[in-house]
Amino acid sequence: MALGKNYDGQDCSLARTLELVGERWTMLVIRDALYGVRRYGDFLAHLDIPRAVLSQRLATLVEAGVLERRRYQDNPPRDEYVPTAMGRELWLPVLALGQWGERHLSRRGTRRVFSHVECGGRIDATASCAACGAAHLPPEQVEVRPGPGLEDDRSDPVSVALREPHRLLDPLP
């Protein structure tokens, strides 16, 4: 039995969520936006994503309210893409999926370490701090650092910037 192309006939929240964010490039765009990537060219260089695919994913995420498009330059016109409150809520699924992948699929171990900005404690897949006990930390209170499994010789500005500790949502590079 062939799978349908969408979930229009289903009254299922998970199916509707997958319709929006279930495509692989979409989750990587969201991850990068949470890391602080804002500009089209930086998404393009860091993700190695085809231009047409990136344009479509950004348009879909803006239309759905996950990202907000903001003009940062008029001549020539250029926009940046910033996670909305709805987009910032995807922080926990992105964190949990990334940590799951590192536990079960990574050949080199932990590539990124997430820490509580206030105390420096490492956070778990529920965004809770092991050191101070703060629970469900929002991305604004989290810093990403290179982990022991990170072997990144890429030269794009985002990869270079992420070799240093960086607070989530703060613009890169």
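See the structure printed just above.
Note that the structure is predicted; figures quoted are calculated from it, not measured. Numbering of residues starts from 1 in each chain and follows the order in which that chain's sequence is written. Totals for whole chains, interfaces and linings use all residues, but because this is a predicted model, local features are given only for residues with pLDDT of at least 70 and pairs of side-chain atoms are given and counted only at 80 or more. With hydrogens and water set aside, each side-chain value is computed from the structure's full complement of heavy atoms.

Engineer: Hey, could you run me through the packing of aromatic side chains in this one?
Structural biologist: Given two aromatic rings, their pairing is described by the distance between the two centres and the angle made by the two planes. Within 6.5 Å between ring centres, the rings of Phe, Tyr and Trp (the latter by its six-membered ring) count as paired, and their orientation is classed by plane angle as stacked under 30 degrees, edge-to-face over 60, tilted in between. A complete count under the given rule lists two aromatic pairs for this structure. Centre to centre, the rings of Tyr-35 and Phe-114 are 6.4 Å apart; their planes meet at 40°, and the pair counts as tilted. On the criterion of sequence distance, the pair formed by Tyr-35 in helix α2 (residues 24-35) and Phe-114 in strand β3 (residues 112-116) is long-range, its members being 79 residues apart. The classification of residues rests on relative accessible area computed with a 1.4 Å probe and restricted to protein chains. Under 20% of the type maximum is buried, over 50% is exposed, and intermediate values are partly exposed. Residue Tyr-35 is classed as buried on the basis of its relative accessible area, which comes to 7%. By relative accessible area, Phe-114 is classed as buried at 8%. Among the aromatic residues, those joined into a cluster by ring pairs are Tyr-35, Trp-91 and Phe-114. Over a ring means this: the NZ of a Lys or the CZ of an Arg is within 6 Å of the ring centre and within 35 degrees of the ring normal. Its guanidinium or amino end placed over the ring of Trp-25, Arg-24 lies 4.3 Å from that ring's centre, counting from NZ or CZ. In this arrangement the basic side chain of Arg-39 is found over the ring face of Tyr-72, its NZ or CZ atom lying 3.9 Å from the centre. Here a strand is any run of E in DSSP of at least two residues, a helix any run of H or I of at least four, and the numbering for each starts at the N terminus.

Engineer: Before we go on, may I ask you to explain the side chain of Glu-143 in this structure?
Structural biologist: You can see Glu-143 is positioned in strand β4 (residues 142-146). In terms of polar contacts, Glu-143 uses its side chain to reach the side chain of Arg-145, at 2.6 Å. Among residues more than four places away in sequence, those in contact with Glu-143 are Val-113, Phe-114, Ser-115, Val-117, Pro-165, His-166 and Arg-167. For this analysis, a polar contact is any N or O atom pair within 3.5 Å, provided that within protein one partner can donate a hydrogen and the other can accept it, and provided that sequence-adjacent residues contribute only side-chain to side-chain pairs. By definition in these notes, contact holds between two residues if any of their heavy atoms fall within 4.5 Å.

Engineer: In this structure, what is going on with the nonpolar core? I would like to understand it.
Structural biologist: Side chains of a nonpolar character, in soluble globular proteins, are inclined to be buried together. If you look at the biggest cluster of nonpolar residues, it comprises 35 residues, and the most contacted ones within it are Val-29, Ile-30, Phe-43, Leu-67, Trp-91, Phe-114 and Ile-123. Mapped onto this core, the elements with two or more residues apiece are α2, α3 (40-47), α4 (51-64), α6 (91-104) and β4. Domain ranges listed in this record stem from an automatic or a database domain assignment. A domain split of this core shows at least three residues from each of domain 1 (13-86) and domain 2 (87-167). Residues belong to one nonpolar core when they are buried, are Ala, Val, Leu, Ile, Met, Phe, Trp, Tyr or Cys, and are joined through side-chain atoms within 4.5 Å.

Engineer: What should I look at first to understand the layout of surface pockets in this one?
Structural biologist: Sizing a probe to match a water molecule and rolling it over the atoms shows the empty space that remains. Here a cavity denotes grid points, spaced 1 Å and computed from the protein atoms alone, that fit a 1.4 Å probe unable to get out, and a pocket denotes an open set having protein on both sides within 12 Å along at least 5 of 7 lines; residues with an atom within 4 Å of a point are the lining. Grid points are joined across faces, edges and corners, and a volume is the space filled by probe spheres set on the points. A volume near 910 Å³ is recorded for the largest pocket. As for the largest pocket, its lining consists of 26 residues, and the residues nearest its centre are Leu-28, Arg-31, Tyr-35, Gly-98 and Arg-111. Considering each element in turn, the lining of the largest pocket owes the most residues, nine residues, to α6. Here the nonpolar group is Ala, Val, Leu, Ile, Met, Phe, Trp, Tyr, Cys and Pro; Asp, Glu, Lys and Arg are the charged ones; every other residue, Gly included, is treated as polar. A per-class count over the lining of the largest pocket returns twelve nonpolar, six polar and eight charged.

Engineer: Help me understand the sheet that holds β3 in this model?
Structural biologist: Two pairing modes exist for strands in a sheet, parallel and antiparallel, and in both the strands are linked by backbone hydrogen bonds. Taken in spatial order, the three strands make up an open sheet running β3-β4-β5, and their pairing is antiparallel. Bordering the open sheet on either side are β3 and β5 (166-167), each of which pairs with just one other strand. In short, DSSP must find at least two bridges between two strands for them to pair.

Engineer: Help me understand the packing of α2 against α4, please; the structure alone is not making it clear to me.
Structural biologist: Helix packing for two helices is described by the angle between their axes and how far apart those axes are. A fitted line through C-alpha atoms represents every axis, and for helices the fit uses only the stretch in contact; the resulting angles, taken between N-to-C directions, go from 0 to 180 degrees. Here α2 crosses α4 at 70°, and the two axes come no closer than 10 Å. For the element pair α2 / α4, the angle class is roughly perpendicular. Considering the relative orientation of α2 and α4, their crossing is right-handed. Between α2, through Trp-25, Thr-26, Val-29 and Ile-30, and α4, the contact on the second element is made entirely by Val-53, Leu-54, Arg-57, Leu-58 and Leu-61. Classifying every residue of the contact of α2 with α4 by side-chain character gives seven nonpolar, one polar and one charged. Working definition: roughly parallel below 35 degrees, roughly antiparallel above 145 degrees, roughly perpendicular at 65 to 115 degrees, and oblique for all remaining angles. Helix crossings get a hand from a simple test, with the near helix turned counterclockwise from the far one by less than a right angle marking a left-handed crossing and a clockwise turn marking a right-handed one.

Engineer: How should α2 be read in this particular structure?
Structural biologist: The periodicity of an α-helix, 3.6 residues per turn, causes residues three or four positions apart to be oriented the same way. In this analysis, the expected span of each helix is defined as 1.5 Å times one less than the number of residues it contains. Across its twelve residues, α2 extends 17 Å between first and last C-alpha, which sits within 8% of the 16 Å expected from 1.5 Å per residue. Of all twelve residues in α2, nine are buried, a share of seventy percent or more. For α2, every residue scored as buried is listed here: Trp-25, Thr-26, Met-27, Val-29, Ile-30, Asp-32, Ala-33, Leu-34 and Tyr-35. A positive backbone phi angle near 115° is found at Gly-36, which sits one or two residues after α2.

Function cannot be read off these values alone, since they describe shape.
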